[in-house]
Structures are given as C-alpha cells and as structure tokens.
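The residues making up each chain are set out below.
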Amino acid sequence: MTLPDVGADVLPKHYEGDLSSFSPDFVQGRLDEVVDKIESRYGPIVEARLASNKLKARLYEAIVCRLATRVYRNPEGYRSETEGSYQYNLSAAVASGTLWFTDEDITDLTGVSPKGTPTVGTVTVGQHRIGWV
C-alpha cells in the first residue's frame, strides 16, 4: 500500500491564500513532495493508522496541505521586515523552499509525540544516603 495522493483541489479547504501566483505544476509538485516525504519517513506507521481509521483521511489531507502551504505562505522566506529605511531578513530554510515537519505534524501522523510522553508534572529527587534526613 502507498499513501494516498492529495490533489490541489482540496487546498481551498485548508488554505486561505491566493494560489494564482503559483503555477498549477508547482502547487501539485509541493503536495506530491509532502506525500513522498511522509511516505519515506513514516510510511508504514501512517499507512497502518489510515487503514485502521486512527488517522482520518481528512486529517491526513489537512496535514499534507499544512506542510505544503508553509511554502506558499512565505515563498520569499522573510523572517522579518522593517519599513523605515527598508530592511528584511530571510530564513535560509524557508527561502530555499524546504518543507519541515513540526512536532504537531509528527504527532498527528504517527500518533506519537517526537519528544516522548508529555510531562504531566515534575519532581526533583536528590541524593539520599542512609541516615541523612
């Protein structure tokens, strides 16, 4: 089994921006790249979760769109801009068009947090020696 493709026709459900400045091939190419990355990194886990309905098809589509639209939202890769004596800073990763997975994306896809079990509380345990109070 391979992961289902996500077509550009579902993007309006998950993206509020204007895609007319991008070619249809670019838009679909990014969606395909996301599916391929998910398959190469988490394929068997995601396939099993989709098959068991633990990962809903709608959520899978939303995650694929979420990842791809990070590039559509900021294709120039701006990190910050200033208006007076105009300046700007670019994020190298974003400007390069790199797709990245947030911890939330990974948790949604795999059902497991990449940071392990969430911390509910903390406790400090000091060294204990017999006879010490």
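Residues numbered from 1 in each chain as written. Predicted model: local features only at pLDDT ≥ 70, side-chain atom pairs only at ≥ 80, totals over all residues. Heavy atoms only, no water.

Asks: Can you walk me through the overall build of the protein chain in this structure?
Replies: The helix and strand tally for the protein chain stands at four helices and two strands. Counting helices and strands in the order they occur from the N terminus, the protein chain gives α-α-β-β-α-α. With 133 residues in all, the protein chain has 32% of them scored as buried. For the protein chain, the computed accessible surface area is about 9,000 Å², with 53% contributed by carbon and sulfur atoms. (Helix = DSSP H or I, 4+ residues; strand = E, 2+ residues; numbered from the N terminus. Buried < 20%, exposed > 50% of the residue type's maximum accessible area, 1.4 Å probe, protein only. Areas by Shrake-Rupley, 256 points an atom, 1.4 Å probe, with all protein chains shown as cover.)

Asks: Please clarify how the packing of aromatic side chains should be interpreted in this entry.
Replies: What characterises a pair of aromatic rings is the spacing of the ring centres plus the angle enclosed by the ring planes. This structure, assessed with the given rule, holds two aromatic pairs. Note on F22 and F26: the rings are 5.4 Å apart at their centroids and 20° apart in plane angle, and the pair reads as stacked. A residue is classified by how much of its surface remains accessible, and F26, at 30% relative accessible area, is partly exposed. (Phe/Tyr/Trp six-rings, centres within 6.5 Å; stacked < 30°, edge-to-face > 60°.)

Asks: Is there a simple way to explain the packing of helix α1 (residues 24-51) against helix α4 (residues 103-110) in this structure?
Replies: If you want to describe how two helices pack, look at the angle between their axes and the distance between the axes. Their axes nearest at 8 Å, the elements α1 and α4 cross at an angle of 40°. One element, α1, and the other, α4, form an angle in the oblique class. Facing α1, whose interface residues are I38, Y42, I45, V46 and R49, α4 presents I106, D108, L109 and T110. Residues belonging to the contact of α1 with α4 are distributed by class as follows: six nonpolar, one polar and two charged. (Axes fitted to C-alpha atoms, helices over the stretch in contact; angles between N-to-C directions. Parallel < 35°, antiparallel > 145°, perpendicular 65-115°, else oblique. Contact = heavy atoms within 4.5 Å. Nonpolar A, V, L, I, M, F, W, Y, C, P; charged D, E, K, R; others polar.)

Asks: Where do I start with the pattern of salt bridges in this structure?
Replies: For the structure on display, the rule yields five salt bridges. The closest approach of N and O atoms between R66 and D105, which form a salt bridge, is 2.6 Å. Of this pair, R66 sits in helix α2 (residues 57-73) while D105 sits in helix α4, placing them 39 residues apart in sequence. Overall, the relative accessible area of 0% leaves D105 in the buried class. Taken together, the shared-partner salt bridges connect R66, R70, D105 and D108 into one network. (Salt bridge = Lys/Arg side-chain N within 4 Å of Asp/Glu carboxyl O.)

Asks: Sorry, what's going on with the nonpolar core here?
Replies: Generally speaking, a soluble globular protein has its nonpolar side chains buried in company with each other. Grouped together as the largest cluster of nonpolar side chains are 27 residues, with contacts concentrated most on L31, I38, V46, Y60, V64, Y72 and L109. Listed by contribution, the elements that provide at least two residues to this core are α1, α2 and α4. Here Y72 is in contact with L11, Y15, L19, F22, F26, V27, R30 and L31, once residues within four sequence places are set aside. (Core = buried A, V, L, I, M, F, W, Y, C linked by side-chain atoms within 4.5 Å.)

By themselves, these are just geometric observations and shouldn't be taken as functional.
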